[in-house]
Amino acid sequence: SPPSGLERPQVVAHAQQALPFTLFDCKWVPRSARLLCLGSAARGTGLAHLYELRGGRLALLSEIEKPKPLKCGTFGATSLQQRYLATGDFGGNLNIWNLEAPEIPVYSVKGHKEIINSIDGVGGLGIGEGAPEIVTGSRDGTVKVWDPRQKDTPVANMEPVQGESKRDCWTVAFGNAYNQEERVVCAGYDNGDIKLFDLKTMSLRWETNIKNGVCSLEFDRKDVNMNKLVATSLEGKFHVFDMRTQHPTKGFASVSEKAQKSTIWQVRHLPQNRDVFMTSGGAGSVHLWKYEYPAQRSKKDSEGAEMGVAGSVSLLQNVTLSTQPISSLDWSPDKKGLCVCGAFDQTVRVLIVTKLNKV
């Protein structure tokens, strides 16, 4: 049963800051009270603003300008000592920056022919086994995996096969990085396709279609044996796939939830509790959800093959913050319940979600 009114988590808008540019992504800097906003200036250049949370306000520490608008960023492939930021831009460039000396990237490659829509990193920050890697998904239809220690060429390139039409890739995510050998990339496309690439065998492991553009994908944790995957869509629905059991023909069991009437732009799992996640939407709202596992996560079909059993999703809380879509979302990896979100009203907001230990 959902927690009672008094016990329910509350979403409190703690600090907010208007930005002089269009905001595409916001990220907490690991092990700090700092956050980074990435986007596009009116004159068509890229901007990054670094802020520090000081009580209830955000203090601007530095402003970095780059030739191309910055679409997405990740710290996932860096060490906690370096905390380098990897970004994807409108020109198809993958760059890695030392924020202490951001004039020249420490790594740079023209990764794609068109805009990089989405980026993810793994193997850094002490999260996930194996090499530090970055995955980029682009409008050019390709998904590429990069090892920053290898210059110029991707270690994997997932592109449409000959004769297959190229689809705009909107979202990418790493998962299954629980030992040195295993790792997957999941990619979501504008036509509703979801593809799971196994980087160990360099093959397409599973694909499905959710009938609607896939805006955001995230595994509940990157560094465990695949457990759950959430996919959000253009028309207000999200799907939770149980990734523990893959049936030979039916694939993975899933439950879907119609959260709202408008696009669900983002999903982010609470780093300290993988069964709690937040979605952000086109109506300027955020929704906090909890996944409940079924009594048994798998059962045998009539042929004796294992198939997964999906659980259920309950709404813990929701709040409307803006009249504009909230397009980016990031939980603090260090402070439970601290969250940052960015909206098309050119405002970044720091949220505090209370009572998360009660759910």
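Definitions and limits used
Residues numbered from 1 in each chain as written. Predicted model: local features only at pLDDT ≥ 70, side-chain atom pairs only at ≥ 80, totals over all residues. Heavy atoms only, no water. Pairing = 2+ DSSP bridges. Helix = DSSP H or I, 4+ residues; strand = E, 2+ residues; numbered from the N terminus. Axes fitted to C-alpha atoms, helices over the stretch in contact; angles between N-to-C directions. Buried < 20%, exposed > 50% of the residue type's maximum accessible area, 1.4 Å probe, protein only. Phe/Tyr/Trp six-rings, centres within 6.5 Å; stacked < 30°, edge-to-face > 60°. Contact = heavy atoms within 4.5 Å.

By the naming in an unreviewed UniProt entry, the protein is Dynein axonemal assembly factor 10, taken from Centropus bengalensis.

The strands that make up a sheet pair up through hydrogen bonds in the backbone, lying either parallel or antiparallel. Within the open sheet, the four strands sit side by side as E22-E23-E24-E27. Their pairing is antiparallel. The outermost strands of the open sheet, each flanked by one partner alone, are strand E22 (264-270) and strand E27 (312-320). Each neighbouring strand pair of the sheet contributes to a mean axis angle of 25°, computed without reference to strand direction. Summarising the sheet, strand E24 (residues 285-292) and E27 pair through eight bridges and their orientation is antiparallel. Within E27, the residue paired with Val-286 across the bridge is Val-319.

A few words on the sheet that holds strand E18 (residues 214-219). Spatial strand order, E18-E19-E20-E21: four strands in an open sheet with antiparallel pairing. This sheet does not close on itself; its edge strands, each paired only once, are E18 and strand E21 (254-258). Sheet twist, expressed as the average angle between the axes of neighbouring strands with direction ignored, equals 15°.

So, about unusual backbone geometry. A positive phi is found at Arg-31, a non-glycine position, where the angle reads about 55°. The phi dihedral of Gln-346 falls on the positive side, at around 60°, and the residue is not glycine. You can see Gln-346 is positioned in the loop between strand E29 (338-343) and strand E30 (347-353). Residue class for Gln-346 comes out partly exposed when judged on its relative accessible area of 30%.

Let us now look at the packing of aromatic side chains. The tally for this structure, following the rule as stated, stands at seven aromatic pairs. Their ring planes at 75° and their centres at 5.2 Å tell us that Trp-206 and Phe-241 sit as a pair that is edge-to-face. Highlighted residues: Trp-206 in strand E17 (residues 203-209) and Phe-241 in strand E20 (residues 237-242), separated in sequence by 35 residues. Exposure class is identical for Trp-206 and Phe-241. Each is buried. For the pair Phe-238 and Phe-277, a centre-to-centre distance of 5.5 Å together with 90° between the ring planes defines the contact as edge-to-face. Of this pair, Phe-238 sits in strand E20 while Phe-277 sits in strand E23 (residues 273-281), and the two are 39 residues apart along the sequence.

In this section: the environment of Tyr-178. As for its placement among the helices and strands, Tyr-178 is situated in the loop between strand E14 (169-175) and strand E15 (184-189). Each C-alpha atom of the pair Tyr-178 and Glu-129 lies 5.6 Å from the other, and the pair is 49 residues apart in sequence. With near-sequence residues (within four places) excluded, Tyr-178 lies in contact with Glu-129, Asp-223, Val-224 and Asn-225.

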